[in-house]
Amino acid sequence: MRILVDTNIIIYREDHKVIDTQITGFHRIAQENHIKLLIHPGSLKDLENDKNIERKNILKSKLNVYPQLETLPDFRFDADYTKAFGEISRANDEIDAQILYALYRDAIDFLVTEDVKLIKRAARCGIKERVFTIPEILNFLNREFETKEISLPIEIS
């Protein structure tokens, strides 16, 4: 399973503060079940917009822990997708379009984000069921990988 982790999730996890238990739970389940967590190269571009130079440099250095998505389909040649995605008016919109297109073209299985606008655009593109917030992915992975106790009959001799 390949899950793309959006920039905002990386910032929540890697910023200089106590990590939310849902984020640590998500990462633990992913690690225990050999799920590949990836970042999109656009996330590095996204961090360039951070005005706080020190925080930007710290976060960029921490992104090196995550493998980058190696297959980068280009959305600009897909008229149906660009129409569904909608207007691109900012640099951030282009990064979002690239991230969602990776999901749309099955380069990844799921996307985890807390970006409401990105989630709405995923719905417009028909891929909302594969986009999760942190609580949603945690719930999904817990169901997917839950351990079931098996009762064996006890033999009495």
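The shown structure was predicted, so the numbers you read here are calculated from the model rather than taken from an experiment.

A. Up close: the overall build of the chain. Looking only at helices and strands, the chain has eight helices and four strands in total. Reading the chain from its N end, one meets helices and strands in the order β-α-α-β-α-α-α-α-β-α-β-α. Within the chain, the proportion of its 157 residues that are buried is 43%. Considering only contacts within the chain whose residues lie at least 6 apart along the sequence, 64% involve residues at least 24 apart. For the chain, the exposed area adds up to about 9,600 Å²; of that, 51% sits on carbon and sulfur atoms.

B. Representation of the nonpolar core within the structure. If you look at the biggest cluster of nonpolar residues, it comprises 23 residues, and the most contacted ones within it are Ile3, Phe26, Leu37, Val112, Ile137 and Leu141. Every element with two or more residues in this core is listed here: strand E1 (2–5), helix H1 (7–14), helix H2 (21–32), helix H4 (53–63), strand E3 (110–112) and helix H8 (134–144). Sorting elements by how many residues they give to this core places H8 first, with five residues. Here Val112 is in contact with Ile3, Leu4, Val5, Asp6, Ile9, Phe26, Phe132, Thr133, Ile134 and Ile137, once residues within four sequence places are set aside. In terms of nonpolar packing, the next biggest core, distinct from the first, is built from 22 residues, Ala97, Ala122, Cys125 and Ile127 among them.

C. Layout of helix H6 (residues 91–104). Between its terminal C-alpha atoms H6 stretches 20 Å, which fits the 20 Å expected from 14 residues at 1.5 Å a residue. Here H6 lies mainly inside the structure; ten of its 14 residues are buried. Listing the buried residues of H6 in full gives Asp93, Ile95, Asp96, Ala97, Gln98, Ile99, Leu100, Tyr101, Ala102 and Leu103. Structurally, H6 contributes buried residues whose contacts are with E1, helix H3 (41–47), helix H5 (79–85), E3, helix H7 (116–124) and strand E4 (131–132).

D. Expanded view of the pattern of salt bridges. In the structure shown here, the tally under the stated rule is ten salt bridges. In this structure, the salt-bridge partner of Arg76 is Glu94, at a minimum N-O distance of 2.5 Å. Of this pair, Arg76 sits in the loop between H4 and H5 while Glu94 sits in helix H6; the two residues are 18 residues apart in sequence, bridging distant segments of the chain. Among the ionic pairs, Lys117 bridges to Asp93, the shortest N-O distance being 3.1 Å. Of this pair, Lys117 sits in helix H7 while Asp93 is found in helix H6, placing the two residues 24 residues apart along the sequence. The class of Asp93 is buried, set by a relative accessible area of 1%.

E. A look at the packing of aromatic side chains. Using the criterion set out here, one finds eight aromatic pairs in the structure. Geometrically, the ring pair formed by Phe110 and Phe132 is tilted, given 5.4 Å between the ring centres and 55° between the ring planes. One end of the pair, Phe110, is in strand E3; the other, Phe132, is in strand E4, and 22 residues separate them in sequence. Relative accessible area serves as the criterion here: at 14%, Phe110 is assigned to the buried category. Site record: aromatic cluster; members linked through ring pairs are Phe75, Tyr81, Phe85, Tyr101 and Tyr104.

F. Expanded view of the packing of H6 against H7. The N-to-C vectors of H6 and H7 enclose an angle of 50°; their axes lie 11 Å apart at closest approach. The pairing of H6 with H7 is recorded here as oblique in orientation. Regarding H6 and H7, the two cross each other, and that crossing is right-handed. Where H6 abuts H7, its residues Asp93, Asp96 and Leu100 lie against Lys117, Leu118, Arg121 and Ala122. Of the residues belonging to the contact of H6 with H7, the class tally is three nonpolar, no polar and four charged.

Conventions adopted
- Residues numbered from 1 in each chain as written.
- Predicted model: local features only at pLDDT ≥ 70, side-chain atom pairs only at ≥ 80, totals over all residues.
- Heavy atoms only, no water.
- Helix = DSSP H or I, 4+ residues; strand = E, 2+ residues; numbered from the N terminus.
- Buried < 20%, exposed > 50% of the residue type's maximum accessible area, 1.4 Å probe, protein only.
- Contact = heavy atoms within 4.5 Å.
- Areas by Shrake-Rupley, 256 points an atom, 1.4 Å probe, with all protein chains shown as cover.
- Core = buried A, V, L, I, M, F, W, Y, C linked by side-chain atoms within 4.5 Å.
- Expected span 1.5 Å × (residues − 1).
- Salt bridge = Lys/Arg side-chain N within 4 Å of Asp/Glu carboxyl O.
- Phe/Tyr/Trp six-rings, centres within 6.5 Å; stacked < 30°, edge-to-face > 60°.
- Axes fitted to C-alpha atoms, helices over the stretch in contact; angles between N-to-C directions.
- Parallel < 35°, antiparallel > 145°, perpendicular 65-115°, else oblique.
- Left-handed = near helix turned anticlockwise from the far one by under 90°.
- Nonpolar A, V, L, I, M, F, W, Y, C, P; charged D, E, K, R; others polar.

These figures capture arrangement, not role.
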